Amino acid sequence: MPARTLVLTGADGSAEAKFIDSTPEAWQLVALSSNARMRGFLCSGRLCGFHAIKYSVPCLLGRLFSCTAEAEVIEKYWTVLQKEGSAPKIEKALGKIKVQLVSPHVEKVLHRCAENKMLGLRFFIWAGQQPGYRHHHSIYRIACEGLGVTQKPTMLSQVLEDLRREGCVVSVNTFKVIFNLCKEANLVEQARELLDHMKDFNCRPDTTIFNTLIHLLAEARCMNMAEAMLKRMSECGLSPDVITYSALIKGFCNVGQVEDAQRLVDEMPEHGCTPNVVIYTNLLYGASNAGSPEKALELLDKMLEKRCAPNVVTYTTLIQSFSEAGRINEALEILDRMIKCGCAPNRITYIILIKGLCSQGKINDAYELMDKMIRGGHLSKDPVHNSFVISLLRTNNIGEAEKVLRSMLERGIKPNDLAYNTFIKGMCSVGRYSDALSWHHDMDRMGCALEVDACSILLHGLCNGGYVNEAAKVLLSMVDKGIMVDTSTFDVVIGYLNKAGKYEEALNLSSLLKCQGPAL
């Protein structure tokens, strides 16, 4: 592989340096002139493949040395893991590396542990207990997927036994990391077993551990077991906090047990907890889902009485409740009330209202609301118009959707892929195949992408409508763009070509199908 040349520019002029192949994971930067004397390793992918790029010297040096330092830290951890991996107390050896851990270090080390997942798990648990560092949610996800925790949950109990056998310290913080892995991987049974297993290590669960387990049980809709944890907390001398109640209340609302959720809200003051906006919003959501918008509205009034200010999620949930109940006028009244209280609606708020207006045939009111929110600066025109088109299509207002699309094109607003594909399907659903084809050509010129399902619907429609030549052209165009059209659609077009006596075109498509390979 040829060397890459890099041109550095600074106050003292230009200096040339080259990237010389070193390892699959790094480029070695070697200075070629006196005013560019620097050496190091640049992490893969940063400047690979560039030739004669202009960078300021301070900017390049900052990037270079930052990448070099990160690579060196990762290499240190990896060296220790390789050397001490089969020895007891590898955590002690890792602790001798005196650097501040950050998420990229952990992520890259985990990737290197793909062939030794237990070693990676040991490193991950150790890293999660280091001062000044806390695993990000994304790192837990990487660990669960990359280390196989989701597929083999027994790893968690095995690693604890390994630590005990080697005489390593297992603390409450150790269990916290493992409980969070259970939470990420939705391992309900393993988490419950871990709670019982803590006493074997002379560890007592704290409120954070109980909250993690309660959250996991509530997400799994195991509400009886989740609430039973309150008793376990009491037996451990612990009291529930707002996070505990929030998880339980949300869980009960999700399973439709709003009365139980309300009971817990009423109990909160007994434990020194005050319901906050999140808890009231979850309760309001539960009432709405139970088909009781009036109860949800009462909860809003109660929030205000308690001096708990509703937020945009609270109001939007209530607006959705009335809108889906067909009570769009009351939903609009709540919008006015929301704005008067100084709470700004967001895009979702308006989309719900536009959809509600469209579903009741109040298209003019939907237009007025859309114009109002654009003029008021609440939202930009592009997402609003796209959402309006989709709302019209989903309520079978195909003609109105077409008008909005034409207006968008006249104003230079590009439809997004969802609006475009939904529109093509809508046109085909009412038999307007020729118009759908015309719109497809217009949208294609604007760079809109026709998705596989919409393409199949369009091609079937064109064939059924007698536009088999046009269908064949669209199909060829899709294949040229690398879109994998399903075999059944190919067969339909080929069949119609044969019926029309266009055997050569049919044969060409058959050959193309063989080249494309298996259908999606």
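Reading guide: rules and limits
Residues numbered from 1 in each chain as written. Predicted model: local features only at pLDDT ≥ 70, side-chain atom pairs only at ≥ 80, totals over all residues. Heavy atoms only, no water. Phe/Tyr/Trp six-rings, centres within 6.5 Å; stacked < 30°, edge-to-face > 60°. Axes fitted to C-alpha atoms, helices over the stretch in contact; angles between N-to-C directions. Helix = DSSP H or I, 4+ residues; strand = E, 2+ residues; numbered from the N terminus. Parallel < 35°, antiparallel > 145°, perpendicular 65-115°, else oblique. Left-handed = near helix turned anticlockwise from the far one by under 90°. Contact = heavy atoms within 4.5 Å. Salt bridge = Lys/Arg side-chain N within 4 Å of Asp/Glu carboxyl O. Buried < 20%, exposed > 50% of the residue type's maximum accessible area, 1.4 Å probe, protein only. pLDDT = per-residue confidence, 0-100.

Considerations on the packing of aromatic side chains
- For the structure shown, the criterion picks out seven aromatic pairs.
- Clustering of aromatic rings is evident, with ring pairs tying together Y77, F123 and W126.

Some details on the packing of helix α8 (residues 188-197) against helix α9 (residues 207-219)
- Between α8 and α9, the shortest axis-to-axis distance is 10 Å and the interhelical angle comes to 155 degrees. With respect to each other, α8 and α9 are oriented roughly antiparallel. For the pair α8 and α9, the crossing hand works out as left-handed. Of the residues in α9, those in contact with V188, A191, R192 and L195 of α8 are I209, F210, L213, L216 and L217.

Observations concerning the pattern of salt bridges
- Taken as a whole and assessed by the stated rule, the structure comprises 21 salt bridges.
- The partner of R232 in a salt bridge is D196, with the nearest N and O atoms 3.2 Å apart. You can see R232 sitting in helix α10 (residues 223-235) and its partner D196 sitting in helix α8, a full 36 residues away along the chain.
- Between R263 and D260 there is a salt bridge whose closest N-O contact spans 3.2 Å. Of the two residues, R263 and D260 are both situated in helix α12 (residues 258-267); the distance of three residues between them amounts to about one turn of the helix.
- Judged by relative accessible area, which is 29%, R263 ranks as partly exposed.
- Each member of the salt-bridge network shares a partner with another, and the members are E227, D260, R263 and E267.

Some words on the confidence of the model for the protein
- Within the protein, residue pLDDT values average 83, and 84% of them lie at 70 or more.
- Within the model, the stretch residues 1-65 combines pLDDT values under 50 with 112 contacts to residues more than four positions away or in other chains.

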